[in-house]
Amino acid sequence: MTGTEKIEEASEARKPNETDVLVVGSGIAGCSAALAAARAGASVLVVTKATRPESAATHWAQGGIAVTRDAPESLRSDVMTASANTANPTAIDVLVENAGEAVADVLIDTLGISFDREGDKFDYGKEAAHSEPRILHVDASTGQHILGPFCSYLDSHPRVTMLEDTAALSLLTHEGRVHGATLERDGKTWATIAGTTILATGGIGALYGTTTNPGSATGDGIAMAALAGAETEDMAYVQFHPTAYAGDDLFLVSEAVRGEGAVLRNADGERFMPGYHPEAELAPRDVVARAVQRERDVTGEVTLDTTPLDFSGTFPDLAEKCDERSVPHDSIPVAPSEHFLCGGIAVDDRGRTTLDRLFAVGECARTGVHGANRLASTSLLEGLVWGLRAGESAVGFDADSSALEMPTALNSDPALPPEFARDKFVRLQRVMDECVGLSRNQTDLRRATSALRRLKGEVDAYVRTRTSRELYELRNASIVALLVARDALDAEPVGCHHVEEVDAD
Ligand code: SIN
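Residues numbered from 1 in each chain as written. Predicted model: local features only at pLDDT ≥ 70, side-chain atom pairs only at ≥ 80, totals over all residues. Heavy atoms only, no water.

## A word on the side chain of T196
Now for step 1: Note that T196 resides in strand β10 (residues 188-199).
Now for step 2: Leaving out residues up to four positions away in the same chain, T196 has contacts with D20, V21, L22, R357, F359, A394 and F397. (Helix = DSSP H or I, 4+ residues; strand = E, 2+ residues; numbered from the N terminus. Contact = heavy atoms within 4.5 Å.)

## Observations regarding a negative patch on the surface
Now for step 1: On the surface, a cluster of negative charge is made up of E18, D20, D398 and D400.
Now for step 2: According to the relative accessible area criterion, E18 is exposed, its value standing at 55%. (Patch = residues over 30% accessible without salt bridge, like charges linked within 9 Å, V, L, I, M, F, W, Y side chains within 5 Å. Areas by Shrake-Rupley, 256 points an atom, 1.4 Å probe, with all protein chains shown as cover. Salt bridge = Lys/Arg side-chain N within 4 Å of Asp/Glu carboxyl O. Lys, Arg positive; Asp, Glu negative; His and termini not counted. Charge placed at Lys NZ, Arg CZ, Asp CG, Glu CD. Buried < 20%, exposed > 50% of the residue type's maximum accessible area, 1.4 Å probe, protein only.)

## Observations concerning the site of the ligand
Now for step 1: The local shell around the ligand consists of Q62, G63, H241, L252, S254, E255, R285, H339, R374, A376 and S377.
Now for step 2: Here an oxygen atom of the ligand and a side-chain polar atom of S254 are 2.6 Å apart.
Now for step 3: Coverage of the ligand by the protein chains reaches 95% of its 260 Å² of free accessible surface. (Near = heavy atom within 4 Å. Polar contact = N/O pair within 3.5 Å; in protein donor to acceptor, adjacent residues only side chain to side chain.)

## Some thoughts on the packing of helix α5 (residues 89-110) against helix α12 (residues 379-393)
Now for step 1: Interaxial distance between α5 and α12 falls to 8 Å at its minimum, and their mutual angle equals 85°. If you check the angle between α5 and α12, you find them roughly perpendicular. Between α5 and α12, the residues in contact are A91, V94, L95, N98, A99, A102, V103, V106 and L107 and L381, E382, L384, V385, W386, L388 and R389, respectively.
Now for step 2: Across the contact of α5 with α12, the residue classes tally to 13 nonpolar, one polar and two charged. (Axes fitted to C-alpha atoms, helices over the stretch in contact; angles between N-to-C directions. Parallel < 35°, antiparallel > 145°, perpendicular 65-115°, else oblique. Nonpolar A, V, L, I, M, F, W, Y, C, P; charged D, E, K, R; others polar.)

## Quick word on the packing of aromatic side chains
Now for step 1: One pass over the structure, following the stated rule, counts seven aromatic pairs.
Now for step 2: Arranged with centres 6.0 Å apart and planes meeting at 65°, the rings of F122 and Y124 form a pair that is edge-to-face.
Now for step 3: Residue class for F122 comes out partly exposed when judged on its relative accessible area of 23%.
Now for step 4: For Y124, a relative accessible area of 22% gives the class partly exposed.
Now for step 5: Measuring from ring centre to ring centre gives 6.0 Å for F272 and Y276, while their planes differ by 80°; the resulting arrangement is edge-to-face.
Now for step 6: Ring-pair connections join several aromatic residues into one group, and the members of that group are F115, F122 and Y124. (Phe/Tyr/Trp six-rings, centres within 6.5 Å; stacked < 30°, edge-to-face > 60°.)

## Quick look at helix α15 (residues 469-490)
Now for step 1: The first and last C-alpha atoms of α15 sit 32 Å apart over 22 residues, in line with the 32 Å expected at 1.5 Å per residue.
Now for step 2: In terms of residue burial, α15 counts as a mostly covered element, since 17 of its 22 residues are buried. (Expected span 1.5 Å × (residues − 1).)

## Things to note about the pairing of strand β2 (residues 44-47)
Successive residues of a regular strand alternate their side chains across the two faces of the sheet.
Now for step 1: The side-chain alternation of β2 yields two buried faces, one formed by V44 and V46 and the other by L45 and V47.
Now for step 2: Across four bridges, strand β1 (residues 17-24) lies against β2 in parallel orientation. Within β2, the residue paired with V23 across the bridge is V46.
Now for step 3: As defined by bridge partners, β2 adjoins strand β7 (residues 160-163) across four bridges and the pair is classed as parallel. Bridging from a neighbouring strand, V47 pairs with L163 of β7. (Pairing = 2+ DSSP bridges.)

## Brief notes about the nonpolar core
One broad trend across soluble globular proteins is that nonpolar side chains are buried collectively.
Now for step 1: One finds L199, L207, I222, M432, V436, L452 and V484 to be the most contacted residues of the largest nonpolar core, which totals 73 residues.
Now for step 2: Considering every element that reaches this core, the biggest residue donor is α15, with twelve residues.
Now for step 3: Aside from chain neighbours lying at most four places away, what touches I222 is T201, I204, T232, M235, L341, G344, I345, C364, V480 and L483.
Now for step 4: Counting 60 residues, the second largest nonpolar core, distinct from the first, contains I113, L136, V138 and L147. (Core = buried A, V, L, I, M, F, W, Y, C linked by side-chain atoms within 4.5 Å.)

Next comes the structure, spelled out in structure tokens:
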């Protein structure tokens, strides 16, 4: 019997399923957690609303995975500097000290990923704010070369069941302990009881009009955890990537292209970055993103000039994307686009949240590694390291449903307008783009907070009478948008959280 059939049979019989470890999400962090828990002997159920692997953000990751090479101290210091000295030094130590072994064990020995090489050595890439080339990569589509083999490996693991196109709607909690989640697939819902639950649901890109994330990035794990009472931290620090293709059918133009020598030009053809920062195009990401936005506002356009490098030879995947859109390789129109949430569900060095038996890993978690701004190509590494640590620590707890009241599906409101969720989503994105974007001010943030509170109230009214994935995603997005806007009102204006001079009211 397949995993899906097992779940459906239990669902039909109205019995909760049970698993030792429930992992929600199938990017590198979720897969790493599942792998570690299964290696430690646990039964693991991985549920993902992705029709994996294409719709997980890891699949979209281009640049690669930073490693320490022979200089851990230098990676430590680059992560700290990129964060504007706001990152947690202990969390950086965990990242740096575990990087080599995690990459060698999982990516190289277990999955056999063939990172690009030059002769018999790795071809380490260089990206902004890295003091040396240290990025392991496969062309500029590293994520998909990792995630495909990872999912296949877990698919054939005897203790892991992977269930795709399956959403977690809410956590099952009792007296501060998490016991699993209510799951949904094809409109059917059921409860899965778990000894421990690991959230690995990714980021919040769908809250903005343009993003380098897949559209499924609606902040589900963060919203579910917050509703259950878990603490979140650093939600104001939303990172925007400076160079997303500025046309229809957006794609990320990796920072690695600037690492190889590409330069940014405004509509007058002027290379402007040296006037903004001594590191020019390789300045910290938030500095480049704001400079690109400003030059677009003032001159009308910014393009990436790739003539200093062999673009199609070095980045064949990106060259192909340009060709598909008839974009000239030597002048790619670019604009900032939402890319990564540095904050999230507060976790410790093992991915433990503030709720008993609930873990969070990957972009939905706030480990402290990124502080107010993330160094490029550290997110896959963070997902890998924290995924493994959380998976190991999540083993050894019994699934117990005795004290739980099982949720029931609500469908008493068949009159929900079909466009309801879509329309509200567009409204939410407009508020986030206009008021909680790359540059913020207190007036806009207050306006956003009121608008989002109203919107959340409208959505909540429907969620009380109806169970649908679309509606839950909208609920999640509205909760997370409010968390970002509220945190931005008080957060230290540093790194990704740029606050303009207070307006004269
Ligand atoms: C990129 O390839 O520019 C993105 C890398 C990252 O965000 O870590």
